[in-house]
Every structure is written in structure tokens, then in C-alpha cells.
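# Remarks on the overall topology
What follows is the residue order along each chain.
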Amino acid sequence: MRISEIFYSLQGEGFFAGVPSVFLRLAGCPLRCRWCDTKYAWDQAAGTTYSIAKIVEIVQKWPCKFVVITGGEPMINSDLPKLVQALKANGKHITIETAGIAYMPDMLCDLMSMSPKLSNSTPSDAELTAVHEDSRLDVAVLRELIDNYKYQLKFVVDSQSDLYEIQQTIEEIGNVDSSKVMLMPQAATRDEFLAKSPMVADMCKQTGFAFCQRLQVLLWNNVRGT
Ligand code: SF4
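An account of the accompanying structure is given in this report. If you're wondering where the values come from, they're calculated on a predicted model, not measured in any experiment.

It is worth spelling out the nonpolar core at this point. Formed by 49 residues in total, the largest nonpolar core has its most connected members in Leu24, Ile69 and Leu80. A total of five residues in this core trace back to one element, the largest contributor, which is helix H4 (residues 139-148). When residues no more than four places from it in sequence are discounted, the contact partners of leucine 24 are Glu5, Ile6, Ile55, Val59, Val67, Val68, Ile69, Thr70, Leu83 and Leu87. One finds Leu31, Cys33, Ala99 and Ile101 within the second-largest nonpolar core, a separate group that totals seven residues.

The subject of this paragraph is empty space enclosed by the protein. By rolling a water-sized probe across the atoms, one finds the places where empty space is left. Evaluated as defined, the whole model comprises one cavity of 30 Å³ or more. Reported here for the largest cavity is a volume of approximately 50 Å³. Gln11, Phe16, Ser21, Phe66, Val67, Val68, His93 and Thr95 are the residues that line the largest cavity. At the level of elements, strand S4 (66-70) and strand S5 (93-98) are the ones that each hand at least two residues to the lining of the largest cavity. With three residues, the top contributor of residues to the lining of the largest cavity is S4.

Turning next to the sheet that holds strand S7 (residues 151-157). Adjacent strands of a sheet form backbone hydrogen bonds with each other and so pair up, either parallel or antiparallel. Spatially, S3-S1-S2-S4-S5-S6-S7-S8-S9 is the arrangement adopted by the nine strands of the open sheet, whose pairing is mixed. Bordering the open sheet on either side are strand S3 (48-49) and strand S9 (210-211), each of which pairs with just one other strand. Pairing of strand S1 (residues 2-10) with strand S2 (residues 20-26), which is carried by seven bridges, proceeds in the antiparallel orientation. Across the sheet, the residue bridging to tyrosine 8 is valine 22, located in S2. The strands that helix H6 (residues 190-207) touches are S7, strand S8 (181-185) and S9; relative to S8, the one it contacts most, it runs at about 155°.

Along the chain, serine 4 falls in strand S1. Excluding its chain neighbours within four sequence positions, the residues that come into contact with serine 4 are Arg25, Leu26, Ala27, Tyr40, Ala41, Ala46, Gly47 and Arg224.

Moving on: the side chain of glutamine 216. For glutamine 216, the position within the fold is in helix H7 (residues 215-220). Using a relative accessible area of 12% as the deciding quantity, one classes glutamine 216 as buried. In this structure glutamine 216 touches Gly12, Glu13, Asn221, Asn222 and Thr226, once residues within four positions along its chain are discounted.

In terms of residue burial, S7 counts as a mostly covered element, since seven of its seven residues are buried. Where burial is concerned, the two faces of S7 agree: the one with Tyr151, Leu153, Phe155 and Val157 and the one with Gln152, Lys154 and Val156 are both buried. Sheet topology places S7 next to S8; five bridges connect them, and they run parallel. Residue pairing for S8: valine 156 is matched across the bridge by methionine 184. The parallel pair S7 and S8, bridged by helix H5 (residues 162-173), forms a crossover whose chirality is right-handed.

Let us now look at the packing of aromatic side chains. Here the structure, examined in full by the defined rule, presents five aromatic pairs. Considering the side-chain rings of tyrosine 8 and tryptophan 62, the 5.9 Å spacing of their centres and the 25° angle between planes classify their relative orientation as stacked. Residue tyrosine 8 is found in strand S1, and its partner tryptophan 62 is found in the loop between helix H1 (52-59) and S4; the two are separated by 54 residues along the sequence. Here the aromatic rings of tyrosine 103 and tyrosine 149 are separated by 6.3 Å at their centres, their planes lie at 50°, and the arrangement is tilted. Of this pair, tyrosine 103 sits in the loop between S5 and strand S6 (111-114) while tyrosine 149 sits in the loop between H4 and S7, and the two are 46 residues apart along the sequence. A residue is classified by how much of its surface remains accessible, and tyrosine 103, at 24% relative accessible area, is partly exposed. One residue, lysine 180, lies across the ring of tyrosine 151, its end atom 4.8 Å from the ring centre.

Let us now look at H6. Counting along an α-helix, one turn takes 3.6 residues, and residues three or four places apart therefore face a common direction. In this model, H6 (18 residues) spans 25 Å end to end at C-alpha, consistent with the 26 Å of a helix rising 1.5 Å per residue. Of all the bends in H6, the greatest, near 40°, is centred on serine 197, and the proline proline 198 appears no more than four residues after it. Those residues of H6 that sit buried are Phe193, Lys196, Ser197, Val200, Met203 and Cys204. Looking at the buried side of H6, the elements it contacts are S7, H5, S8, S9 and H7. The first or second residue beyond H6 is glycine 208, which carries a positive phi of 90°.

Analysis parameters
Residues numbered from 1 in each chain as written. Predicted model: local features only at pLDDT ≥ 70, side-chain atom pairs only at ≥ 80, totals over all residues. Heavy atoms only, no water. Core = buried A, V, L, I, M, F, W, Y, C linked by side-chain atoms within 4.5 Å. Buried < 20%, exposed > 50% of the residue type's maximum accessible area, 1.4 Å probe, protein only. Helix = DSSP H or I, 4+ residues; strand = E, 2+ residues; numbered from the N terminus. Contact = heavy atoms within 4.5 Å. 1 Å grid on protein atoms, 1.4 Å probe; cavity = no way out; pocket = protein on both sides within 12 Å on 5 of 7 lines; lining within 4 Å. Points joined across faces, edges and corners; volume = space filled by probe spheres on them. Pairing = 2+ DSSP bridges. Axes fitted to C-alpha atoms, helices over the stretch in contact; angles between N-to-C directions. Right-handed = clockwise from strand over helix to strand, strands pointing away. Phe/Tyr/Trp six-rings, centres within 6.5 Å; stacked < 30°, edge-to-face > 60°. Lys NZ or Arg CZ within 6 Å of the ring centre and 35° of its normal. Expected span 1.5 Å × (residues − 1). Bend = angle between axes of the 7 residues up to and from the residue.

Without other data, these values stay purely geometric and don't point to any function.
What follows is the structure, given as C-alpha cells:
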């Protein structure tokens, strides 16, 4: 598998924020989001090729039960179920972080952490926009993931006006447990995160959705490998 990076840190986002975790960042993502903070993982060929056995061996270096498989977009990698199976056989708790653009059945993961992309993620470049808009939101896939996995739904909020689109998206998906919905400030730096947090906190109080931390930004200002 092409792996962009493997590192040990704290889970920065979602209901497991603060939990020490090993991160496996798989290479390859078609979406090209405007504010993506892992552009180095877009290219399917980025990083290093490892066998699944080697990945499991590296993960075992750290005294840590929690593994986060992220990207890039891990759900487009056909070897993902085998990797998850091998990690589960070694007693790991697996979170898969995905934009929710592809479905795979029978994955042994413990949490499907979905971050459906809103129109605030659309890139400005016309060529990239076409690809992005074609695939950023697949309601049928999101519905299938929700129906078949333990999940959380994280929405990246750039401005107050995103709330209507978030509520529309949730309604379209249907059958969403609102206690699993989180709103996360769009921010590449600590200053941006702190500046947008009060607005997002108010949206959370208004809707009952949870505020989603970004500890990696708050603690390390989004340095690679954190
Ligand atoms: S889906 Fe995630 S990895 Fe892919 S471009 Fe968007 S933010 Fe970046």
C-alpha cells in the first residue's frame, strides 16, 4: 500500500479527541479541497510502498491501542479491508477518516469518521472544480455508511452561512443521529482556529450539535506529523 506517513500523536478531532493514536495516512485523494491541509497526500503515488505485514510491524512500535487510518481518502484503496483486518487481529481500535465518497462492506473498523464536503471546500481552479463538484457529496454512499457502521459526522464550517447547507445535507442523508454530528472550524493555523471557534460554538448551542476540536492545530499549529 502507498503510505504517505505513519506517526504517533493525539487524535485531534472527533469524539476521540485527545486519545493517543497511531496515524496511518494513505496516499491518494481525488477531491482537491480548497482548504485541504494534507495536499502532500493527494497523489496516489505519494509516499512509500509497504506490505500490510510491515505496516502492522511499524504500528506495534508504539504502546497504543488506537489506530486512525486517514488520508488522502482511504476508502478508495481496495487493500483497506485487509489492512483493517490485520490491525484488528493485533487488538487495535480502528477509526477510518473519510469524506464519505466511497462504500466498502464488511470492514472491521470500530468507527467510521465521516466528513462530508460542503461547497465551502470547492477549489478555485476551474479544472479542479469540475472533479471536486462531481464527487464531493454522495448522499447514497453516506447513507450506506451510516446504516452499516458506527459513525460520527464532522462538518467543516467556514462561515455562518454554512449552517443551512449542513442542515440540508443531514436531511437529505436521512436517519442521522444528531448526537453524532459535529461542527468543526475551518482553520489551517491556531490563530484562525481561535478566531472562528466562537462562531462555531454559537452554531453548536443553536443546533445541539457538538463542537469538534482540532487539537493538532491548537497544540502544534498544524505541523506535519502531528
Ligand atoms: S477529502 Fe480530505 S484529503 Fe481529500 S482533498 Fe479534501 S480535505 Fe484533503
